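An overview of the molecular structure
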Amino acid sequence: MSDQDATTETEHTLRTPIVAVLGHVDHGKTSLLDRIRGSAVTAGESGAITQHIGATAVPLDVISDIAGELVDPTDFDLPGLLFIDTPGHHSFSTLRSRGGALADIAILVVDVNDGFQPQTLEAIDILKRTQTPFIVAANKIDTVPGWNPNENQPVQQTMDAQSERVTSDLNEKLYELIGELSDNGFSADMYWRVQNFQANIGVVPVSAETGEGIPDLLTVMMGLSQRYMKEEMEIDASGPGVGTVLEVKDTQGFGTTLDAIIYDGTIHKDDTIVVGGLQGPIVTDVRALLRPRPLEEIRTEQQFEQVDAVAAADGVKIAAPDLDDAIAGAPIRVLRDRDRAEVIAEVEEELSEIEVTTQEEGVVVKADTLGSLEAISSTLEEEEIPIMRAEVGAVAPRDVRVAETANEPTHRAILAFSVDVLEDARHLAEQEDVTLFEDDVIYQLVEGYDDHVTEIQESQQEQILENITRPAKFRVLPDHTFRQNDPAVVGIEVLSGELRRNVNVVKWDGSEPTRVGRLKSLQDAGEDVDSARTGEQLAASIDGPTVGRQIEEGDDLWVEIPEKHAKILEQELKEEISVDEREALSMYLENHRNRDPFWGK
Ligand SMILES: Nc1nc2c(ncn2[C@@H]2O[C@H](COP(=O)(O)OP(=O)(O)OP(=O)(O)O)[C@@H](O)[C@H]2O)c(=O)[nH]1
């Protein structure tokens, strides 16, 4: 009955902004979250800090306690901040929601000593793509040699307490970071100098180890949300819940469950929900809503407690039947009194927004979540690498079967991002000559594939070059005819290119080329050689002509290049051949094109 009431009136509330913490591995995401949690526990009086599924909620009064004089709680009406605990370092890509990013705002953690690294760039790409506002936490300031730590102090206060040398060392590192941000298209500055956070990225120096700068970090996040996001935070808290799946996992006693973030409305126990799944939308009934038990009850048998309802923004574990096919990053929608077909269509549409453009020819991509699939696909698209199949899930034999149908050898590949490769799939791939690429970093995954493509292309070119007639021009030397004919043996000098054995020889009579015979062998000082380069003089035996008739001493002769070969050489292999071969080729082409402008085109 109370549900009924709740749905008939709208209840406008400001929800908690959702914060994602991103960064390169080991730059300190987990430590930073732990520190914020720890500070909150120390600052909060009576368990104000609550551990949620997949998230940590830090209420405004706790933020204000931590931030001290930096925050005046009366300036704010947003309820606090909800930090998503990114499970695994890549999972921020699952943090998607209808129309973009699940996170309203992000913290990009960068180790001041280490600067921008592959995952930092990857995070920046995603933040750019989803237009998520962010600030940079320049972490580990306490590692600057000679640092004098001041636990939990605001950053300017602790910087004032450092020696001049330490301050200047730190500033140098910070300006390097600001430079790197600028190289990536962001105007940035130390946060206290930023007036307009929409136009500039604020850099907050922090230490997750000592808590220095954490007051500033929370203050800036809170201020940013209040100033720029308040309107977006207005929701109808009693409306049907809308959320995103963070993780699909087994929970003892409940089977397959969803760890989810609800970012709009409310989800109730017994609600019917529609969830994005591998085979399309799944419609199921919520059996239980679970939260971690409060710390003081940790000794009880069960890890979770059941709740009746969860309102946005919050994390919750959802237990329901038929969730095996649900996908991380997929939408969740509560049906309540809404039209079933309409909600299913909405989920379908959201799923199809993510669907990657696939083509008949291309590589196979497997990823752990919809978000990461989307991120990889957009990277591949930028590099013009076509995709034949893109799916969430482990690499299975059927993926290998798809990959092996690719026509291009470079496309017989599977790019696997943070997923398992089933043993029989690995085996089959080896057998069928399908190459597997596995990585947890998108850049590295795509780089590995690119290197492979370059390798294949180089060996293909080598093979082509081996079978192609190469250009060369040579002159019959005067007074060096050793034999008139059958075969003619004459002294020659290579004028340009590399002359090889077993090639047909042509002479230009006016505008027409005439084949005069076949060069059978080359001899240098009585020794047979396979080839000779520009400037070399040696003896050539040519089958066909008679010296004094078809060829004369002093004649310039050419290796005859079939038109098809000339075309490949000019269009595909120009960079692969030497400068003098290129010169010989262009002269040869010019000769032909004087007669027929389209020859070899
Ligand atoms: N001195 C110092 N060490 C830090 C700081 N922040 C993190 N560390 C250390 O750096 C290492 C990596 O920190 P994590 O928090 O695990 O890094 P992460 O980015 O969460 O790493 P993943 O979860 O593996 O992606 C740990 O050994 C931390 O103790 C800091 O501010 N100062």
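Residues numbered from 1 in each chain as written. Predicted model: local features only at pLDDT ≥ 70, side-chain atom pairs only at ≥ 80, totals over all residues. Heavy atoms only, no water.

- In the nomenclature of an unreviewed UniProt entry, the protein corresponds to Probable translation initiation factor IF-2 from the organism Haloarcula salinisoli.
- In UniProt, the protein has this text filed under Sequence similarities (unreviewed entry): "Belongs to the TRAFAC class translation factor GTPase superfamily. Classic translation factor GTPase family. IF-2 subfamily."
- For the protein, the Function (unreviewed entry) comment in UniProt is given as "Function in general translation initiation by promoting the binding of the formylmethionine-tRNA to ribosomes. Seems to function along with eIF-2." (UniProt positions renumbered as here; feature names shortened; annotations may be inferred.)

**Focus: helix α9 (residues 370–382)**
- Spanning 13 residues, α9 covers 18 Å between terminal C-alpha atoms, matching the ideal 18 Å at 1.5 Å per step.
- Downstream of α9 by one or two residues, Glu 384 has phi in the positive range, about 60°. (Helix = DSSP H or I, 4+ residues; strand = E, 2+ residues; numbered from the N terminus. Expected span 1.5 Å × (residues − 1).)

**Thoughts on the confidence of the model for the protein**
- For the protein, the mean per-residue pLDDT works out to 88, and 91% of the residues sit at or above 70.
- Averaged pLDDT values over the elements of the protein bottom out at 44 in helix α1 (residues 2–8) and peak at 97 in strand β15 (residues 266–268).
- Here residues 1–8 scores under 50 on pLDDT; set against residues more than four positions off or in separate chains, the count is 5 contacts.
- Per the prediction output, this complex has pTM 0.68; the corresponding ipTM is 0.97. (pLDDT = per-residue confidence, 0-100. Contact = heavy atoms within 4.5 Å.)

**Comments concerning the nonpolar core**
- By size, the foremost hydrophobic cluster in this structure holds 66 residues, and its most contacted members are Leu 32, Phe 83, Ile 107, Phe 134, Val 136, Leu 181 and Leu 217.
- If you tally residues by element for this core, the top one is helix α7 (residues 214–229), at 8 residues.
- For Phe 83, the residues in contact, after removing those within four places along its chain, are Val 19, Val 21, Leu 33, Ile 36, Gly 54, Ala 55, Thr 56, Val 58, Ile 107 and Leu 218. (Core = buried A, V, L, I, M, F, W, Y, C linked by side-chain atoms within 4.5 Å. Buried < 20%, exposed > 50% of the residue type's maximum accessible area, 1.4 Å probe, protein only.)

**Focus: a negative patch on the surface**
- Together, Asp 125, Glu 381, Glu 382, Glu 383, Glu 447, Asp 451, Glu 455, Glu 458, Glu 462, Glu 466, Glu 575 and Glu 576 make up a negatively charged patch on the protein surface.
- Listing elements by their share of the negative patch, those giving two or more residues are α9 and α12 (442–466).
- A total of 6 residues in the negative patch trace back to one element, the largest contributor, which is α12.
- Mapped onto the fold, Glu 462 is located in helix α12.
- By relative accessible area, which is 53% here, Glu 462 ends up exposed. (Patch = residues over 30% accessible without salt bridge, like charges linked within 9 Å, V, L, I, M, F, W, Y side chains within 5 Å. Areas by Shrake-Rupley, 256 points an atom, 1.4 Å probe, with all protein chains shown as cover. Salt bridge = Lys/Arg side-chain N within 4 Å of Asp/Glu carboxyl O. Lys, Arg positive; Asp, Glu negative; His and termini not counted. Charge placed at Lys NZ, Arg CZ, Asp CG, Glu CD.)

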